Amino acid sequence: MIEKNINMRDHCPHLSSEAFGYRVKVMNLLRGLPVFLFSLSLASAEAPAVLTLENVPYAKKIVADEPIRKTFSAKQAARYLDNASLNWQKNRKCATCHTNMSYLMARPALAGAMKDSGEVRDFFESYYLARWEQGKKTPEKPYRPVVVGAALAFNDAQTTGTLSDTTRKTLDLMWTTQGKNGAWNWVKCGWAPMEIDDHYGVTLAALATGVAPDNYAETASAKAGLAKVRDYLVNQPAPSLHHRIMIAWASLRIGNLMEKQEREEVLQEMLSRQHVNGGWATPAFLAEWKAFKRKDRKPHDIETPDAYGTGLALVVAREMGVPAGDARLQKGVAWLKSNQRESGKWFTASPTKDSKNYFTNIGCAFAVLGLQSCGELPGWPFDKVKK
């Protein structure tokens, strides 16, 4: 730089020393400006204010060894959930329990931290409006209206508080694909607890019906379908604590699914599975299920807490009337806030097989719901449930 300055001085003999020094400073700043602007544009490209199908980065592999954040970030949680669901929609083009269904349930809790594009909601509505031709076409997969309807119903409750016309019609369509035994022919990929048996689908349908705004559960189609749901649950006992938790949750809004005494027993059993560090492990809710074995034949890891188990326990405990200030729930909140990874996710190992760990996505959504139910995130809409 000294050599260049000397050359410049030789070409500018008319400048005073002060003027020459100022000119050198300006030139040096200008030389650095392209690098600064490039860095600024690169940072903007890496972190757009709103993630969309067009600008969403490719979803990275879900790994367990990502560093834990020093402090909880709602914005990073929103960014991770947007990235996961938009990528799934863009590349898989389907609605699934473990990623975009749970996304629509939980994402409104993070609206204040980061706006979403609305494209996931649009995608779910397109099932009824386009794929199923507004009810004129029978869904190829009977379980799909349950997944879509549950996501839309939760999302309505979390946003407008009013049942949209598309949600209502999707739920009505859901009852037309229900089997005579009260169940839906569910996807059975062996991925517990969501994609393994008909029982989960039945409880999800009941839960969605109860959560749906504007007393949807009192409509004629819902009443007829719920009667078949009750018959199914009588004839098919829940195979695990997880499924009993689902029934207990749904029974808060749908009558005659579970008696109050049994519901209290489920609550206490669920709370008893909490670890000393504050978290709950999903496999601890599944381990008693004799027919369920991990695909890799490993033993169930009931000792490692995760986001889905912890989030589910917090939500259901709050729904059943346990105060947010309860010491057990506060320990659960602390566990969630101290176990978020740098990307915004909570790594949640699959209870079925160490593979792609998409279970992390629903784990993250339920972590958000758990925090929201305990007042750590705004807008919990379910306080007025009949206990």
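Residues numbered from 1 in each chain as written. Predicted model: local features only at pLDDT ≥ 70, side-chain atom pairs only at ≥ 80, totals over all residues. Heavy atoms only, no water.

**With respect to the overall build of the chain**
Applicable threshold: Working definition: helices are DSSP H or I runs of at least four residues, strands are E runs of at least two. Numbering for both runs from the N terminus. Throughout, exposure labels follow a simple rule: accessible area from a 1.4 Å probe, protein chains only, divided by the maximum for the residue type, with under 20% read as buried, over 50% as exposed, and the rest as partly exposed. Should any heavy atoms of two residues lie within 4.5 Å, those residues are counted as being in contact. Throughout, the Shrake-Rupley method with a 1.4 Å probe supplies accessible areas, and for residues the shown protein chains are the sole cover considered.
Assigned secondary structure in the chain consists of 14 helices and zero strands. In the chain, the succession of helices and strands from N to C terminus is α-α-α-α-α-α-α-α-α-α-α-α-α-α. Looking at the chain residue by residue over its 387 residues, the buried ones come to 53%. Contacts spanning at least 24 positions in sequence make up 72% of the contacts within the chain whose residues lie at least 6 apart. In the form shown here, the chain has an accessible surface area of approximately 18,100 Å², with 54% of it arising from carbon and sulfur atoms.

**Considerations on the layout of surface pockets**
Regions of empty space are outlined by a rolling probe, equal in size to a water molecule, passed over the atoms. Under the convention used in this document: Of the two site types, the cavity is a set of points on a 1 Å grid over the protein atoms alone where a 1.4 Å probe fits but cannot get out, and the pocket is an open set with protein on both sides within 12 Å along at least five of seven lines, each lined by residues with an atom within 4 Å of a point. Grid points are joined across faces, edges and corners, and a volume is the space filled by probe spheres set on the points. Note on residue categories: nonpolar means Ala, Val, Leu, Ile, Met, Phe, Trp, Tyr, Cys or Pro, charged means Asp, Glu, Lys or Arg, and polar means any other residue, Gly included.
What the largest pocket holds in volume is close to 780 Å³. Lining of the largest pocket is provided by 26 residues; of these, Tyr 58, Ala 59, Lys 60, Tyr 80 and Asn 83 occupy positions nearest its centre. When residues of the lining of the largest pocket are assigned to their parent elements, the largest contribution, eight residues, is made by helix H3 (residues 74-91). Split by residue class, the lining of the largest pocket holds eleven nonpolar, seven polar and eight charged.

**Comments concerning the packing of aromatic side chains**
Threshold: Between rings of Phe, Tyr and Trp, where Trp is taken as its six-membered ring, a pair exists when centres lie within 6.5 Å; planes separated by under 30 degrees are stacked, by over 60 edge-to-face, and by other angles tilted. We count a charge as sitting over a ring when the NZ of a lysine or the CZ of an arginine lies within 6 Å of the ring centre and within 35 degrees of the ring normal.
Counted according to the given criterion, the structure contains 16 aromatic pairs. On the basis of an interplanar angle of 35° and a centroid distance of 6.1 Å, the ring pair of Phe 72 and Trp 346 is categorised as tilted. With Phe 72 in the loop between helix H2 (17-46) and H3 and Trp 346 in the loop between helix H13 (327-337) and helix H14 (359-373), the pair connects residues that are 274 residues apart, well separated along the chain. The interplanar angle of 75° and the centroid separation of 5.9 Å between the aromatic rings of Phe 154 and Phe 382 together place this pair among those described as edge-to-face. Taken as a pair, Phe 154 in helix H6 (residues 144-158) and Phe 382 in the segment after H14 lie far apart in primary sequence, 228 residues in all. Judged by relative accessible area, which is 7%, Phe 382 ranks as buried. Pairwise contacts between aromatic rings join Phe 154, Trp 249, Tyr 308, Phe 359, Phe 366, Trp 380 and Phe 382 into one cluster. Over the face of the ring belonging to Tyr 127 we find Arg 131, whose NZ or CZ atom lies 4.3 Å from the ring centre.

**Concerning the side chain of Asn 357**
Threshold: Pairs of N or O atoms within 3.5 Å make up the polar contacts considered here, provided that, within protein, one atom can donate a hydrogen while the other can accept it, and that residues adjacent in sequence are counted only when both atoms are side-chain atoms.
Counting through the fold element by element, Asn 357 comes out in the loop between H13 and H14. A distance of 3.1 Å separates a polar side-chain atom of Asn 357 from the backbone nitrogen of Ser 350. Within polar-contact distance, the side chain of Asn 357 engages the backbone oxygen of Ser 355 at 3.3 Å. Apart from the residues within four sequence positions on either side, Asn 357 is in contact with Ile 62, Phe 347, Thr 348, Ala 349 and Ser 350.

**Description of empty space enclosed by the protein**
Considering all chains together, one arrives at three cavities of 30 Å³ or more under this definition. Quantified by volume, the largest cavity comes out at close to 60 Å³. Taken together, Met 101, Met 105, Phe 154, Tyr 200, Leu 204, Leu 207, Met 246, Trp 249, Tyr 308 and Phe 366 form the lining of the largest cavity. When residues of the lining of the largest cavity are traced back to their parent elements, those giving at least two are helix H4 (97-106), helix H8 (198-211) and helix H10 (241-251). The dominant element in the lining of the largest cavity, judged by the number of residues it contributes, is H8, at three residues.

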